[in-house]
Amino acid sequence: QVQLVESGGGLVQPGGSLRLSCAASGNISTINNMAWYRQPPGKLRELVATITRGRTTNYADSVKGRFTISRDNAKNTVYLQMNSLKPEDTAVYYCYASVRAIGRLVFLDYWGQGTQVTVSS
(Lines give C-alpha, C1' and ligand atoms only; values in the text may rest on other atoms or scores of the structure.)
Protein backbone atom coordinates (compact mmCIF):
# COMPACT_ATOMS: atom_id res chain seq x y z
CA GLN A 1 0.00 0.00 0.00
CA VAL A 2 1.05 3.59 -0.63
CA GLN A 3 0.40 6.56 1.64
CA LEU A 4 0.81 10.29 1.11
CA VAL A 5 1.21 12.42 4.23
CA GLU A 6 1.06 16.21 4.05
CA SER A 7 2.39 18.72 6.54
CA GLY A 8 3.01 22.44 6.82
CA GLY A 9 -0.44 23.98 6.74
CA GLY A 10 -1.67 26.58 9.19
CA LEU A 11 -2.80 30.14 9.73
CA VAL A 12 -0.85 32.96 8.10
CA GLN A 13 -1.42 36.66 7.56
CA PRO A 14 -1.92 38.10 4.06
CA GLY A 15 1.45 38.59 2.40
CA GLY A 16 3.00 35.79 4.41
CA SER A 17 4.54 32.49 3.36
CA LEU A 18 4.05 28.79 4.04
CA ARG A 19 5.77 25.67 2.80
CA LEU A 20 3.78 22.47 2.36
CA SER A 21 5.41 19.04 2.21
CA CYS A 22 4.01 15.70 1.11
CA ALA A 23 5.93 12.49 1.64
CA ALA A 24 5.00 9.27 -0.11
CA SER A 25 5.75 5.97 1.59
CA GLY A 26 5.00 2.29 1.21
CA ASN A 27 5.54 -0.26 -1.52
CA ILE A 28 6.83 2.25 -4.10
CA SER A 29 8.71 1.44 -7.29
CA THR A 30 8.35 4.67 -9.28
CA ILE A 31 6.53 7.98 -8.82
CA ASN A 32 5.58 9.74 -12.05
CA ASN A 33 3.70 13.06 -11.89
CA MET A 34 3.08 14.79 -8.57
CA ALA A 35 0.79 17.73 -7.92
CA TRP A 36 -0.96 19.98 -5.43
CA TYR A 37 -4.69 20.63 -5.55
CA ARG A 38 -6.82 22.78 -3.28
CA GLN A 39 -10.48 23.02 -2.32
CA PRO A 40 -11.64 26.43 -1.11
CA PRO A 41 -14.68 26.55 1.22
CA GLY A 42 -17.86 25.80 -0.72
CA LYS A 43 -16.03 25.27 -4.01
CA LEU A 44 -14.78 22.40 -6.12
CA ARG A 45 -11.26 21.01 -5.91
CA GLU A 46 -8.89 22.81 -8.31
CA LEU A 47 -5.41 22.18 -9.64
CA VAL A 48 -2.68 24.39 -8.18
CA ALA A 49 0.57 23.05 -9.65
CA THR A 50 2.07 19.94 -11.22
CA ILE A 51 5.61 18.58 -11.55
CA THR A 52 6.86 15.69 -13.64
CA ARG A 53 9.55 13.24 -12.60
CA GLY A 54 11.93 15.29 -14.74
CA ARG A 55 10.84 18.41 -12.81
CA THR A 56 8.86 20.12 -15.56
CA THR A 57 6.32 22.33 -13.78
CA ASN A 58 2.96 23.89 -14.55
CA TYR A 59 0.88 26.33 -12.49
CA ALA A 60 -2.64 27.66 -12.26
CA ASP A 61 -2.79 31.29 -13.42
CA SER A 62 -3.95 32.37 -9.96
CA VAL A 63 -0.69 31.26 -8.30
CA LYS A 64 1.92 31.93 -11.00
CA GLY A 65 4.81 33.97 -9.68
CA ARG A 66 3.81 33.33 -6.04
CA PHE A 67 3.91 29.54 -5.60
CA THR A 68 6.74 27.14 -6.44
CA ILE A 69 6.38 23.36 -6.68
CA SER A 70 9.45 21.16 -6.30
CA ARG A 71 10.27 17.55 -5.53
CA ASP A 72 12.98 15.34 -4.10
CA ASN A 73 12.87 12.03 -5.93
CA ALA A 74 15.23 10.36 -3.47
CA LYS A 75 12.85 11.17 -0.62
CA ASN A 76 9.61 10.61 -2.61
CA THR A 77 8.54 14.07 -1.45
CA VAL A 78 6.85 17.02 -3.14
CA TYR A 79 6.85 20.57 -1.80
CA LEU A 80 4.81 23.70 -2.36
CA GLN A 81 6.41 27.01 -1.40
CA MET A 82 3.66 29.61 -1.12
CA ASN A 83 4.62 33.29 -0.98
CA SER A 84 2.60 36.51 -1.01
CA LEU A 85 -0.41 34.62 0.26
CA LYS A 86 -3.86 36.11 -0.21
CA PRO A 87 -7.15 35.43 1.62
CA GLU A 88 -8.42 33.74 -1.55
CA ASP A 89 -5.67 31.11 -1.15
CA THR A 90 -7.54 29.80 1.89
CA ALA A 91 -8.37 26.16 1.21
CA VAL A 92 -7.66 22.57 2.09
CA TYR A 93 -4.56 21.60 0.10
CA TYR A 94 -4.18 18.04 -1.18
CA CYS A 95 -1.13 16.38 -2.69
CA TYR A 96 -1.39 13.89 -5.51
CA ALA A 97 1.01 11.31 -6.91
CA SER A 98 0.93 8.83 -9.75
CA VAL A 99 2.66 5.75 -8.31
CA ARG A 100 3.71 2.36 -9.58
CA ALA A 101 4.01 -0.10 -6.74
CA ILE A 102 6.72 -2.73 -6.58
CA GLY A 103 5.74 -5.74 -8.65
CA ARG A 104 2.99 -3.88 -10.49
CA LEU A 105 2.84 -2.77 -14.14
CA VAL A 106 0.45 0.18 -13.94
CA PHE A 107 0.51 3.57 -12.26
CA LEU A 108 -2.31 4.35 -9.81
CA ASP A 109 -3.50 7.69 -8.40
CA TYR A 110 -2.95 8.43 -4.72
CA TRP A 111 -4.07 11.39 -2.61
CA GLY A 112 -3.04 12.84 0.71
CA GLN A 113 -5.52 13.50 3.49
CA GLY A 114 -5.38 17.28 3.06
CA THR A 115 -3.94 20.12 5.11
CA GLN A 116 -5.75 23.37 5.95
CA VAL A 117 -4.23 26.67 4.87
CA THR A 118 -5.96 29.80 6.20
CA VAL A 119 -4.88 33.28 5.13
CA SER A 120 -6.39 35.89 7.39
CA SER A 121 -5.46 38.92 9.45
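Residues numbered from 1 in each chain as written. Predicted model: local features only at pLDDT ≥ 70, side-chain atom pairs only at ≥ 80, totals over all residues. Heavy atoms only, no water.

A. Focus on the environment of Arg53. As for its placement among the helices and strands, Arg53 is situated in the loop between strand 5 (46-51) and strand 6 (57-59). Spatially, the C-alpha atom of Arg53 lies 18 Å from that of Arg104, the residues being 51 residues apart in sequence. Excluding residues that lie within four positions of it along the chain, Arg53 makes contacts with Thr30, Ile31, Asn32, Asn33, Arg71 and Asn73. Within polar-contact distance, the side chain of Arg53 engages the backbone oxygen of Ile31 at 3.2 Å. (Helix = DSSP H or I, 4+ residues; strand = E, 2+ residues; numbered from the N terminus. Contact = heavy atoms within 4.5 Å. Polar contact = N/O pair within 3.5 Å; in protein donor to acceptor, adjacent residues only side chain to side chain.)

B. Fine view of the pairing of strand 10 (residues 108-111). Inspection of the sheet shows strand 9 (residues 91-101) paired to strand 10 by 4 bridges, in the antiparallel sense. When the bridges of strand 10 are listed, Tyr96 appears paired with Trp111. Hairpin connection between strand 9 and strand 10: a loop of 6 residues separates the two successive antiparallel strands, and Gly103 in this loop has a positive phi of roughly 85°. (Pairing = 2+ DSSP bridges.)

C. Region of the structure containing the sheet that holds strand 3 (residues 18-26). Strands sit in the order 1-3-8-7 across an open sheet of 4 strands; the sheet is antiparallel. The open sheet terminates on both sides in strands that have one partner only, identified here as strand 1 (2-7) and strand 7 (67-72). Across the sheet, the mean angle from the axis of one strand to that of its neighbour is 15°, orientation sign disregarded. (Axes fitted to C-alpha atoms, helices over the stretch in contact; angles between N-to-C directions.)

D. Representation of the pattern of salt bridges. Throughout the structure, instances matching the rule amount to 4 salt bridges. Asp89 is paired through a salt bridge with Arg38; the nearest N and O atoms lie 3.0 Å apart. Separated by 51 residues along the polypeptide, Asp89 in the loop between strand 8 (77-82) and strand 9 and Arg38 in strand 4 (residues 28-39) bring together distant segments of the chain. Summarising the burial analysis for this pair, Asp89 and Arg38 share the class buried. Among the salt bridges present, the one from Asp89 reaches Arg66, with a minimum N-O distance of 2.7 Å. (Salt bridge = Lys/Arg side-chain N within 4 Å of Asp/Glu carboxyl O. Buried < 20%, exposed > 50% of the residue type's maximum accessible area, 1.4 Å probe, protein only.)

E. Structural view of the side chain of Asp89. Assessed through its relative accessible area of 0%, Asp89 is described here as buried. Within the structure, Asp89 has its side chain in polar contact with the side chain of Arg38 (distance 3.0 Å). Of note is the side chain of Asp89, whose polar atom sits 2.8 Å from the backbone nitrogen of Lys86. Discounting chain neighbours no more than four positions away, the residues touching Asp89 are Arg38, Arg66, Phe67, Ser84, Val117 and Val119.

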